[in-house]
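What follows is the residue order along each chain.
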Amino acid sequence: MPELPEVESIARRLRPHLLGKTIEEAQLRWTRTLAYPTPGKFKEFIKGKQIREVTRRAKYFILRLTDFSLLIHLRMSGDLLIKEGKIKPEKHDRLILRLRPVESPAGALSNLVFNDTRKFGRVWLTADPEDVLGKLGPEPLSRKFTPEWLHAALQGKRRQLKSLLLDQTFLAGLGNIYADESLHIAKLHPLAVSDSVTAEQAEALHKAVCQVLKEGIRRNGASFDWVYRGGEYHFRVYDRTGKPCSVCGTSIERIIVGQRSTHFCPGCQTLIR
Ligand SMILES: [Zn+2]
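Each value, and the rule that gives it
- Residues numbered from 1 in each chain as written.
- Predicted model: local features only at pLDDT ≥ 70, side-chain atom pairs only at ≥ 80, totals over all residues.
- Heavy atoms only, no water.
- Core = buried A, V, L, I, M, F, W, Y, C linked by side-chain atoms within 4.5 Å.
- Buried < 20%, exposed > 50% of the residue type's maximum accessible area, 1.4 Å probe, protein only.
- Helix = DSSP H or I, 4+ residues; strand = E, 2+ residues; numbered from the N terminus.
- Contact = heavy atoms within 4.5 Å.
- Pairing = 2+ DSSP bridges.
- Axes fitted to C-alpha atoms, helices over the stretch in contact; angles between N-to-C directions.
- Parallel < 35°, antiparallel > 145°, perpendicular 65-115°, else oblique.
- Left-handed = near helix turned anticlockwise from the far one by under 90°.
- Nonpolar A, V, L, I, M, F, W, Y, C, P; charged D, E, K, R; others polar.
- Donors = N, O, S within 2.8 Å, 3.2 Å for Na, K, Ca; no water.
- Tetrahedral: all angles 85-135°; square planar, octahedral: opposite > 155°, others 65-115°.
- Phe/Tyr/Trp six-rings, centres within 6.5 Å; stacked < 30°, edge-to-face > 60°.
- Lys NZ or Arg CZ within 6 Å of the ring centre and 35° of its normal.

**Q** Residue-level account of the nonpolar core, with values.
**A** Leu154, Tyr178 and Leu205 are the most contacted members of the largest nonpolar core, which has 32 residues in total. Elements with a minimum of two residues in this core: helix H4 (147–155), helix H5 (161–166), helix H6 (176–185) and helix H7 (199–218). With 8 residues, H7 is the largest single contributor of residues to this core. Sequence-distant contacts of Leu205, that is, excluding residues within four places in its chain, are made with Leu150, Leu154, Leu165, Ser182, Leu183, Ala186 and Leu188. Counting residues in hydrophobic clusters, the runner-up holds 28 residues, among them Val7, Ile10, Ile23 and Ile46.

**Q** An account of the sheet that holds strand E3 (residues 51–57) is needed here, citing residue identities and associated values.
**A** Pairing in this open sheet of 5 strands is mixed, and the strands run E2-E9-E5-E4-E3 from one edge to the other. The sheet is open, and its two borders are formed by strand E2 (34–36) and E3, each paired with just one other strand. Taking the axes of each pair of neighbouring strands and ignoring which way they run, one obtains an average angle of 20° across the sheet. Pairing analysis gives 2 bridges linking E2 to strand E9 (residues 122–126), with the strands arranged parallel. Pairing of Leu34 across the sheet is with Val123, part of E9. Strand contacts of helix H2 (residues 39–46): E2, strand E4 (60–65), strand E5 (69–73) and E9, with the helix running at about 60° to E9, the strand carrying the most contacts.

**Q** Which residues make up the packing of H6 against H7, and what are the values?
**A** Here H6 crosses H7 at 130°, and the two axes come no closer than 8 Å. One way to sum up the angle between H6 and H7 is to call them oblique. H6 and H7 meet at a crossing whose hand is right-handed. Here Tyr178, Glu181, Ser182, Leu183 and Ile185 of H6 lie close against H7, whose contacting residues are Leu205, Ala208, Val209, Gln211, Val212, Leu213 and Gly216. Looking at the contact of H6 with H7 residue by residue, the classes come out as 8 nonpolar, 3 polar and 1 charged.

**Q** Would you mind going over the coordination of the zinc ion in detail, with residue names and values included?
**A** Protein coordination at the zinc ion comes from Cys245 (SG), Cys248 (SG), Cys265 (SG) and Cys268 (SG), with a distance range of 2.2 to 2.4 Å. Here the zinc ion is ringed by 4 donor atoms whose angles at the metal span 97 to 117°, and the overall shape comes out tetrahedral. Positions of the donor residues of the zinc ion along the chain correspond to the pattern C-x2-C-x16-C-x2-C. Highlighted residues: Cys248 in the loop between H7 and strand E10 (253–257) and Cys268 in the segment after strand E11 (260–264), separated in sequence by 20 residues. Since its relative accessible area comes to 11%, Cys268 is described here as buried.

**Q** Tell me about the packing of aromatic side chains, and please be specific about residues and values.
**A** Tallying each qualifying case throughout the model produces 7 aromatic pairs. Seen from their ring centres, Phe145 and Trp149 are 6.0 Å apart, and the 65° between their planes marks the pair as edge-to-face. Taking the relative accessible area as the measure of exposure, Phe145 reaches 4% and is therefore buried. The partly exposed category is assigned to Trp149, whose relative accessible area is 25%. Ring pairing ties together the aromatic residues Tyr178, Tyr233, Phe235 and Tyr238, which thus form one cluster. One Lys or Arg, Arg94, reaches over the ring of Trp30 and ends 5.9 Å from the middle of that ring. In this arrangement the basic side chain of Lys119 is found over the ring face of Trp30, its NZ or CZ atom lying 3.7 Å from the centre.

**Q** Could you give me a rundown of the sheet that holds strand E8 (residues 110–116), with the residues and numbers involved?
**A** Spatially, E1-E7-E8-E6 is the arrangement adopted by the 4 strands of the open sheet, whose pairing is antiparallel. Because the sheet does not close on itself, it has two edges, and the strands there are strand E1 (21–28) and strand E6 (78–84). Each neighbouring strand pair of the sheet contributes to a mean axis angle of 20°, computed without reference to strand direction. Strands in contact with helix H1 (residues 4–18) are E1, E6, strand E7 (93–101) and E8; relative to E6, the strand with the most contacts, it is inclined by about 25°. In the packing of H2 onto the sheet, the strands contacted are E1 and E7, and the crossing angle to E1 comes to about 165°.

Purely geometric stuff here, so don't read any function into it on its own.
See the structure below:
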């Protein structure tokens, strides 16, 4: 599942191909991909809109249009691709936006294709993105995310660290990979209870979260399953069950926390009760 660095990498890659283009037509090939509004209104509202900005918030990919925003959540298997010219839709293409350069309406045709094998991905077209994004916690690479904020926020909850880090209303953008990686760097056990975390540990966790996300973005995200290729983020604990920890050599263990597989080093990340 793509997390903040993967979505940021996709936005950076697609930006030069999308900025300043006009959406000539939307082809919705799987109705349930569209969360809001109705398919009829979607096609009507999006037609002729210009792409003004290509951005991201948490794990949402965002196209700011003339007077609407198009939000896309890739979920499990969604991918966004640019295809030039006249195209024949592929089996798992759920939404295709036909694009033209604004300055030459008869100019080169291109397409933004949302391909999603498992169909969990969702698309919203809204005049107010806060309708969708309003409940999200702070953006971890923003100024709002500070060691002091994190410590106070952890103190305000009594939850297992791993589950809390995955909660998008607490902190937005982390998923299973970067949560495991952050806890390993910070030497915190995934089952540690949030209000037991000291100011010093919160500072280490803050630093670790920023470090793994920046590293992920710099390496164009992580490559996993068949969709996300090309990322070169190097896993420390994620998906390394039984392999030696790069810090202490102890075998990485895998446990289930809140129904999510969780990887940690029992040598580095001890649980103090
Ligand atoms: Zn270790």
